[in-house]
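# Notes for the structure review
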Amino acid sequence: MALPFFYQEAIDPDQTIVDLDGDTSRHVISVLRMKLGDPVHLTDGKGLLLTAEIMEEYKKKCSVRVTASRFIDPRPRKVTIAVSLLKNNHRFEWFLEKATELGVAEIIPLLSERTERQHFRADRMKNMLVSAMLQSQQSWLPVLHEPVAVETLIRQSSQQQKFIAHCIDDEKKNLGDLVDTSLASQVILIGPEGDFTAAEIDLALLQGFVPVTLGDTRLRTETAGVVAATLLMVK
């Protein structure tokens, strides 16, 4: 049976005793009803994975003793999904959860001309990522950037493969046919419900972004983000 996973943002890889934070302590003792000697996994979301056992079972301050430590290498390819913020916050959070489960390295919220929602709660969004990382038992937390204007991102992107998914009838290729697994990084732009503007698309093409299709049907933004992440990650 897999050991329960917990997140501790700052862990010294050389320490042998770790004091869990208050929320984690309460979850371990009050929710999971774990006892002295029970084993757990701890990760800092940056590749460090500790195996430990409970040595103090206080719900406000649970301590664990490290019994093993190892570093999990990151995936060989760095996939970045740049996706427009959505008017419905729950749908954007659903995307964050699924992208994390798939192992995406970076997520960049986009602000385009047609983006309907500008508000962004970074703390809540990070908690969503942490929960999804732990649920899928990974040791790397995606980097969640602050929202950025799509024009700024287009001009600053330095990934080796750059894609843009849009709905305008034009010559586009299937994303799954274009992914080069020998390259170290890919990024894809996913627009808002009203799609990117023609000017935004033109700028992306001028900056080397390749127009792609994600299938034969028109997808919601959050669905398109998950489909794109799947096509980029499973190669």
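Now for a look at the structure at hand. (Residues numbered from 1 in each chain as written. Predicted model: local features only at pLDDT ≥ 70, side-chain atom pairs only at ≥ 80, totals over all residues. Heavy atoms only, no water.)

Once that is clear, we can look at the overall build of the chain. Along the backbone of the chain there are six helices and 13 strands. Projecting the C-alpha coordinates of the chain onto the three principal axes gives extents of approximately 60 × 35 × 30 Å. Within the chain, counting contacts between residues at least 6 apart in sequence, those at least 24 apart form 75% of the total. As displayed, the chain offers around 12,100 Å² of accessible surface, 49% of which is attributable to carbon and sulfur atoms. Across the chain, 27 positive and 32 negative side-chain charges occur, with their mean positions spaced 4 Å apart. (Helix = DSSP H or I, 4+ residues; strand = E, 2+ residues; numbered from the N terminus. Contact = heavy atoms within 4.5 Å. Areas by Shrake-Rupley, 256 points an atom, 1.4 Å probe, with all protein chains shown as cover. Lys, Arg positive; Asp, Glu negative; His and termini not counted. Charge placed at Lys NZ, Arg CZ, Asp CG, Glu CD.)

What follows deals with the pattern of salt bridges. Across all of its chains, the model carries nine salt bridges by this definition. With a shortest N-O distance of 3.6 Å, glutamate 53 and arginine 65 are connected by a salt bridge. Placement of the pair is glutamate 53 in strand S4 (residues 48-57) and arginine 65 in strand S5 (residues 62-71), with a sequence separation of 12 residues. Assessed through its relative accessible area of 28%, glutamate 53 is described here as partly exposed. Close ionic contact of glutamate 106 with lysine 78 constitutes a salt bridge, the shortest N to O distance being 2.6 Å. Here the residue glutamate 106 occupies a position in strand S7 (residues 106-111), and lysine 78 occupies one in strand S6 (residues 78-84), the gap between them amounting to 28 residues. Residue glutamate 106 is classed as buried on the basis of its relative accessible area, which comes to 11%. (Salt bridge = Lys/Arg side-chain N within 4 Å of Asp/Glu carboxyl O. Buried < 20%, exposed > 50% of the residue type's maximum accessible area, 1.4 Å probe, protein only.)

We now examine the nonpolar core. Within the largest apolar cluster, 35 residues are counted, with the highest numbers of intra-cluster contacts made by Ile81, Leu175, Ile188 and Ile190. Elements with a contribution of two residues or more to this core: strand S1 (5-7), S6, helix H2 (89-102), helix H3 (122-135), strand S10 (161-165), strand S12 (185-190) and helix H6 (221-233). The biggest single contributor to this core is H6, with six residues. Apart from the residues within four sequence positions on either side, isoleucine 188 is in contact with Thr80, Ile81, Ala82, Phe163, Ile164, Ala165, Leu175, Val212, Leu214, Ala228 and Leu232. Core analysis: the next-biggest nonpolar cluster, separate from the first, contains 16 residues, Ile11, Val18, Ala52 and Ile54 among them. (Core = buried A, V, L, I, M, F, W, Y, C linked by side-chain atoms within 4.5 Å.)

Within a sheet, each strand pairs with its neighbour through backbone hydrogen bonds, oriented either parallel or antiparallel. A sheet is described by the order of its strands in space; here five strands give the open sequence S1-S3-S4-S5-S2, paired in mixed fashion. Looking at the sheet topology across the chains shown, the edges are occupied by S1 and strand S2 (17-19). This sheet shows a mean twist of 40° between the axes of neighbouring strands, independent of strand direction. Bridge count between S1 and strand S3 (residues 39-43): three bridges; the pairing is parallel. Across the sheet, the residue bridging to phenylalanine 5 is histidine 41, located in S3. Relative to S1, helix H1 (residues 22-31) is tilted by about 160°, and along the sheet it contacts S1, S4 and S5. (Pairing = 2+ DSSP bridges. Axes fitted to C-alpha atoms, helices over the stretch in contact; angles between N-to-C directions.)

Positioned with a positive phi, arginine 33 is a non-glycine residue whose angle comes to about 55°. Tracing the backbone shows arginine 33 in the loop between H1 and S3. Of note, aspartate 195 is a non-glycine position whose phi angle comes to about 75°, a positive value. By secondary structure assignment, the location of aspartate 195 is in the loop between S12 and helix H5 (198-206). Of the residues examined, aspartate 195 reaches a relative accessible area of 9% and is grouped as buried.

So, about the layout of surface pockets. Quantified by volume, the largest pocket comes out at close to 460 Å³. Its residues assigned to classes, the lining of the largest pocket shows eight nonpolar, five polar and nine charged. (1 Å grid on protein atoms, 1.4 Å probe; cavity = no way out; pocket = protein on both sides within 12 Å on 5 of 7 lines; lining within 4 Å. Points joined across faces, edges and corners; volume = space filled by probe spheres on them. Nonpolar A, V, L, I, M, F, W, Y, C, P; charged D, E, K, R; others polar.)

Bringing H5 into the picture now. Along H5, the positions that sit buried rather than exposed are Glu200, Ile201, Leu203 and Ala204. Down the axis of H5, the sector holding all buried residues measures 160°, keeping them to one side. Counted as exposed and oriented over 90 degrees from the buried face of H5: Ala199 and Leu206. Glycine 208 sits one or two residues past H5 and shows a positive phi near 95°. (Arc of directions from axis to C-beta.)

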